[in-house]
Amino acid sequence: MNGPTRNRVAVMHGVNLDMLGKRDPEHYGTMTLSELENQIRKWAKEFDLEPITYQSNSESGFIEFLHRLPDTADALVVNPGAWTHYSWAIRDAVEIAGLPTIEVHLSDVDEREQWRRVSVLEGLTVARVAGKGPEGYREALEELRAVLVS
Ligand code: DQA
């Protein structure tokens, strides 16, 4: 099978996701961020995708990384953590980046507190995957691969 020619996928994690492994396992499982990123890199390779991983607790750093994305990536998987629910600045930066984007959440944000049901990315993304744990990233990569080959 031929891989996509545009195959660079940025996988971005936002605030507090560096604390995976220490957060409530009922919602977030037991994997650390580096274990999760290793798994994501393996899945990406299986789909002939070139992964670029990034995490920050700094909203400005996150936004500046998004600003550089058009030069460095062809698609985006993003889990902004709690920023998802209120950072309109991150929405604007994802819109400016203009890449096919999938939003992923480890936990089932629609079945938790009311405030977690809001996503600033609504209407900008190809899809949103939530509540499937690490597997959600595999799904997102598979879906973006299909977008990139089309
Ligand atoms: C999260 C869900 C958010 O509501 C929360 O603030 C997070 C993680 C998730 O992956 O389930 O930090 O994005």
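Shown above is the structure to which this text applies.
Below: a short report on this structure. Quantities reported herein were computed from a predicted structural model and do not represent experimental measurements.

### A few points about the packing of aromatic side chains
So, step 1. Scanning the entire structure with this criterion turns up three aromatic pairs.
So, step 2. A connected cluster of aromatic rings, assembled from ring pairs, spans Tyr54, Phe62, Phe65 and Trp83.
So, step 3. Taking NZ or CZ as reference, arginine 23 lies 4.3 Å from the ring centre of tyrosine 28, over its face.

### Overview of the site of the ligand
So, step 1. Lining the immediate surroundings of the ligand are Arg23, Tyr28, Asn79, Gly81, Ala82, His85, His105, Leu106, Ser107, Val109 and Arg116.
So, step 2. In the model, an oxygen atom of the ligand is placed 2.7 Å from a nitrogen or oxygen of the histidine 85 side chain.
So, step 3. Serine 107 is positioned such that a nitrogen or oxygen atom in its side chain is 2.6 Å from an oxygen atom of the ligand.
So, step 4. When the free accessible area of the ligand is taken as 320 Å², the share hidden by the protein chains comes to 98%.
So, step 5. Its residues assigned to classes, the shell around the ligand shows four nonpolar, five polar and two charged.

### Regarding the nonpolar core
So, step 1. By size, the foremost hydrophobic cluster in this structure holds 24 residues, and its most contacted members are Val9, Val77, Tyr137 and Leu141.
So, step 2. Elements with a minimum of two residues in this core: β1 (8–15), α2 (33–46), β3 (75–81), β4 (101–105), β5 (127–130) and α5 (135–149).
So, step 3. Sequence-distant contacts of tyrosine 137, defined by excluding residues within four places in its chain, comprise Val11, His13, Leu36, Ile40, Trp43, Val77, Asn79, Val104 and Leu106.

### Observations regarding the packing of helix α3 (residues 59–72) against helix α4 (residues 88–97)
So, step 1. Close contact between α3 and α4 brings their axes to 8 Å; oriented N to C, the two are set at 15°. One element, α3, and the other, α4, form an angle in the roughly parallel class. Handedness of the α3/α4 crossing: left-handed. In this structure, α3 uses Glu59, Phe62, Ile63, Leu66, His67, Leu69 and Pro70 to contact α4, whose residues at the interface are Ala89, Ile90, Ala93, Val94 and Ala97.
So, step 2. Residue classes in the contact of α3 with α4 are distributed as 10 nonpolar, one polar and one charged.

### Things to note about the pairing of β3
So, step 1. Most of β3 sits inside the fold, with seven of its seven residues counted as buried.
So, step 2. Side chains Ala75, Val77, Asn79 and Gly81 project from β3 onto one buried face, and the interleaved Leu76, Val78 and Pro80 project onto a second face that is buried too.
So, step 3. In terms of strand pairing, β1 meets β3 through six bridges, oriented parallel. Counterpart to valine 11 in the pairing with β3 is valine 77.
So, step 4. Bridge analysis of β3 against β4 gives three bridges, and the strand direction is parallel.

Rules behind the numbers
Residues numbered from 1 in each chain as written. Predicted model: local features only at pLDDT ≥ 70, side-chain atom pairs only at ≥ 80, totals over all residues. Heavy atoms only, no water. Phe/Tyr/Trp six-rings, centres within 6.5 Å; stacked < 30°, edge-to-face > 60°. Lys NZ or Arg CZ within 6 Å of the ring centre and 35° of its normal. Near = heavy atom within 4 Å. Polar contact = N/O pair within 3.5 Å; in protein donor to acceptor, adjacent residues only side chain to side chain. Areas by Shrake-Rupley, 256 points an atom, 1.4 Å probe, with all protein chains shown as cover. Nonpolar A, V, L, I, M, F, W, Y, C, P; charged D, E, K, R; others polar. Core = buried A, V, L, I, M, F, W, Y, C linked by side-chain atoms within 4.5 Å. Buried < 20%, exposed > 50% of the residue type's maximum accessible area, 1.4 Å probe, protein only. Helix = DSSP H or I, 4+ residues; strand = E, 2+ residues; numbered from the N terminus. Contact = heavy atoms within 4.5 Å. Axes fitted to C-alpha atoms, helices over the stretch in contact; angles between N-to-C directions. Parallel < 35°, antiparallel > 145°, perpendicular 65-115°, else oblique. Left-handed = near helix turned anticlockwise from the far one by under 90°. Pairing = 2+ DSSP bridges.

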